[in-house]
Structures are given as C-alpha cells and as structure tokens.
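Now for the letters of each chain:
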Amino acid sequence: MEVRGPETRWSWVEVNLAALRRNTSALRRQLSRGTQMMCVVKADAYGHGAVPCVKVMHSAGASQFAVATVAEGVALREAGIEWPILVLSEPPVESVGTLVEHDLMPAVYTAEFALALGEAAASAGRVARYHLAVDTGMTRIGVRRQDAVELRRTIDFHRGLECAGTFTHFATADLPDDWDFALQLNRFRETVAALRGAGLETGLVHCDNTPGTILHPECHFDMCRVGIGLYGLHPADVTRGYVDLEPVMSVRGRVVRVLYPSVGDGVGYGLTYRVPKQNIQIATVPIGYADGLARELSNKMDVLVDGGRCRQVGNICMDQFMFAVDVNSARAYRPSRPVEYGDVVTVLGADGDERIDADEMADLRHTINYEIVCDFGMRLEKIYT
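Residues numbered from 1 in each chain as written. Predicted model: local features only at pLDDT ≥ 70, side-chain atom pairs only at ≥ 80, totals over all residues. Heavy atoms only, no water.

Undergrad: How do you make sense of the side chain of His-206 when you look at a structure like this?
TA: Mapped onto the fold, His-206 is located in strand β9 (residues 204–206). A polar contact of 2.9 Å, which involves the side chain of His-206, links it to the side chain of His-131. Setting aside residues up to four positions removed in sequence, His-206 forms contacts with Leu-86, His-131, Thr-166, Phe-167, Thr-168, Phe-188, Met-223 and Arg-225. (Helix = DSSP H or I, 4+ residues; strand = E, 2+ residues; numbered from the N terminus. Polar contact = N/O pair within 3.5 Å; in protein donor to acceptor, adjacent residues only side chain to side chain. Contact = heavy atoms within 4.5 Å.)

Undergrad: Even after reading the chapter, I still don't get the pattern of salt bridges, so can you show me in this structure?
TA: Side chains that carry opposite charge are capable of pairing whenever their charged atoms lie near each other. One pass over the full model with this rule turns up 21 salt bridges. Note that Arg-337 is salt-bridged to Asp-343, the shortest N-O span being 2.9 Å. Since its relative accessible area comes to 33%, Arg-337 is described here as partly exposed. Taken together, the shared-partner salt bridges in this structure form one network comprising Asp-302, Arg-309, Arg-311, Glu-354 and Glu-360. (Salt bridge = Lys/Arg side-chain N within 4 Å of Asp/Glu carboxyl O. Buried < 20%, exposed > 50% of the residue type's maximum accessible area, 1.4 Å probe, protein only.)

Undergrad: I'm lost on the packing of aromatic side chains in this one. Help?
TA: How two aromatic rings sit relative to each other is set out by the distance from centre to centre and by the angle between their planes. What the rule picks out here adds up to six aromatic pairs. Here the aromatic rings of Phe-170 and Phe-181 are separated by 4.4 Å at their centres, their planes lie at 55°, and the arrangement is tilted. You can see Phe-170 sitting in the loop between β8 (161–167) and α8 (179–197) and its partner Phe-181 sitting in helix α8, a full eleven residues away along the chain. Like Phe-181, Phe-170 is buried. Ring pairing ties together the aromatic residues Tyr-46, Tyr-231 and Tyr-370, which thus form one cluster. The lysine or arginine in question, Arg-254, covers the ring of Trp-10, its NZ or CZ lying 5.8 Å from the ring centre. (Phe/Tyr/Trp six-rings, centres within 6.5 Å; stacked < 30°, edge-to-face > 60°. Lys NZ or Arg CZ within 6 Å of the ring centre and 35° of its normal.)

Undergrad: What's the story with the packing of helix α1 (residues 17–28) against helix α3 (residues 50–59) in this structure? I'm lost.
TA: What describes two packed helices is the angle between their axes and the distance between those same axes. At their nearest, the axes of α1 and α3 sit 9 Å apart, and the two run at 45° to each other. Considered as vectors, α1 and α3 are oriented oblique to each other. Here α1 runs over α3; the crossing is right-handed. Contacts from Leu-17, Leu-20, Arg-21 and Thr-24 in α1 reach Cys-53, Val-56, Met-57 and Ser-59 in α3. Looking at the contact of α1 with α3, its residues break down into five nonpolar, two polar and one charged. (Axes fitted to C-alpha atoms, helices over the stretch in contact; angles between N-to-C directions. Parallel < 35°, antiparallel > 145°, perpendicular 65-115°, else oblique. Left-handed = near helix turned anticlockwise from the far one by under 90°. Nonpolar A, V, L, I, M, F, W, Y, C, P; charged D, E, K, R; others polar.)

Undergrad: Would you mind going over the environment of Val-205 with me for this structure?
TA: Tracing the backbone through its elements, the reader meets Val-205 in strand β9. Residue class for Val-205 comes out buried when judged on its relative accessible area of 4%. Counting along the chain gives 170 residues from Val-205 to Thr-35, while the straight-line C-alpha distance between them is 10.0 Å. With residues near it in sequence (within four places) discarded, Val-205 still touches Thr-166, Phe-188, Val-192, Arg-196, His-220, Phe-221, Asp-222 and Met-223.

Undergrad: Any chance you could explain helix α4 (residues 70–78) here in plain terms?
TA: Given 3.6 residues to a turn, an α-helix orients residues that are three or four positions apart in the same direction. Every buried residue belonging to α4 is among Val-70, Gly-73, Val-74, Leu-76 and Arg-77, and all of these are buried. Each buried residue of α4 lies within a common arc of 160° when the element is viewed along its axis, so the set occupies one face. Facing away from the buried side of α4 by more than 90 degrees, the exposed set consists of Ala-71 and Glu-78. Contact partners of the buried residues in α4: α3, β3 (64–67), β4 (85–87) and α5 (96–101). Immediately beyond the C-terminal end of α4, within one or two residues, lies Gly-80, with a positive phi of roughly 95°. (Arc of directions from axis to C-beta.)

As structure tokens, this is what we get:
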C-alpha cells in the first residue's frame, strides 16, 4: 500500500525494517562461529533512526551496539535499550559521570580519562567497563600500539575499571590484498599478544568493520563491528559479490505545485534553468538542502515519478526543489502522463522498474553512500514500513 506521508509536510524518509532484518541476518551469517556481532548505529543509525533499528538488529542476532557520542548512547538507554553500548571514541573527561550513570562503555586511550572514569565509577559503587582503542596506523584515535601495555599497567590498578574489549579500526579493509591493511592487522595482533603476554585482560577483541567482516574472515576474532552494510549499502564494489544487501532507506515527497510556465521563464534562485519550449511542466516538491538534498546536485540529478525519470531543474532551495516534465517528449523514461498535484516523487529508492540509489547520488556529489543516507536523516520525518 502506498505511503501517503506526514500530514504536516509532504516529504518523508521510508525505512524498510524487513529489509534491515534481512541485511542483519545476511551479515550475521558471514561471521565465524562464536563471533559476536556489534551493530554500529551512530548518527541515528546512519539516518535511519537508531531505536527502531537497534530492536530489529538485536532480534536478528546482534548482541552489542556502537555509537559515536555519549548523547547517542544516552538516547538509546532512555528509550529502554539495555544491551551493551560502546562509544567509539574517548569523550571529554567531563562526561564520565554520565557514562557511569547510563552504563556506557567508552573507548579509552589516555590514562587521564581512564582514571577519571574509574573514580566516577568507584564513587557510585560501580565498575566502569571500557574498550581499549589501539592506533595501528589510521592515525585517528587510540593509544599507540607501542604504548598500549604501559597504559594498561598505569590504569589497571583501579578497582573502578574493567577492560571489556580491545579494538582497532582499518583504513583500507575494502582494498583486496592491500599492504597497509596487512600491516595494520599484524600490528594489532602483536599488540593483543603483548597485552596478553603481560598478563592483562583484553576483553572482546575486534577490528573488522563492514568490508573487513565480508572480505577478511581471518580476523573476525571475538566480535565484528558491522555498519553501512546493515542499511543495504555496500562499502565498496568489491563486496557486492559476497553478500546480497537491500537498501533500507527511501526518500519521497509529493508535488505541492505544478504549472506550465512560458517559454524563457526561469526557475529557482539565480534562474539557472529556463524553460526551453512549450508544454514543459515545472513541479515543486518540499525537500531541500536542509533535508539532506545537497545543493550541489542542482540541475544534475533525476527523480522518479510514476515509474519514469524526470530531471531536477533550478537551484535546490533550503526547503524545496523543482523538476521538469516534457509532456510531449518521446523519451522512454519520462512519466506516462502529465504530473499532477499530490503525485509521489521518489528522490531515493525505487518506483516501478526504475531506482535511484545512494551510490548514484554519491557519484554525482563526489562522495560516498554513507554521507547520502546520513544527510537525509537530519530533518525529514521517518516512516517505518
């Protein structure tokens, strides 16, 4: 049944929870026996809505979850999510009380933060679990591998701390036979071995992201952190032959105005498009760059109407965009009829046999599919199907 959309604004994001469940199960089947699945739901589950997604992922086999910020973790706890939650970086030291209160596991890579966390936990009569983040070559976050044992020896005396995991992050897991990947993996293995050799508990050892999970089963270890693949998007072309994934997000709106302008009339700010001939319809849809439809797509992208492609025209506005329909065109991909007020317009997703996916839009923006879906999650109301 067709989704009509919100009553207050004719634009929305559709999230297909059945597809999310199938993706989660498909990726779960990729894991080695005994390996846990941690689902990454940062940035509101990459724009898909974290709380509904977490519930579906857990029912499909996920045991832990990861976020980027303390606030994201708190939001999950306040929504009743009780499963383990990792904050993927070390937050400001001022957050330690909040971490303890909501039982959130931060990444740790400095002694100052770790000891403050331990003090906050001990004061509350608790033990704070954390994951040691190791920088093996991405040069983003983490303790340097050569300093990992010393850091752990500095903080392990504290009765308020417990190491629940040790992890790193790969920079090039999506590149087959990559030397840098092999180097990072070797460094990580050496670090884990050094920690264990020093008699230090490592907790759950994990390093594989989505491409690592799919392409590198040799380092599934205790847990894999799966992200973009859950939402039906491949991290790279090379992973497509290994697992079938279904896009979870669609973005749609309805036509709020349609007319036949005069030849030569301009469209949008700057009048970057002018009507070239008669019988051209210009229709308006209430989705703009504040909703994640980047202004750089102006006059470059297509939308889908009634199973056919139409070209977006004029500069995309903050809250609206316009598209053109050549009513007399013989193009096979145009709509089969003139556009009408209230018609559904697909910006991302499928309509009939046509589909506009996040990769198509990412190519036009010279970016990655991750950014496309995250952007659309900013303001548009989400409808779960």
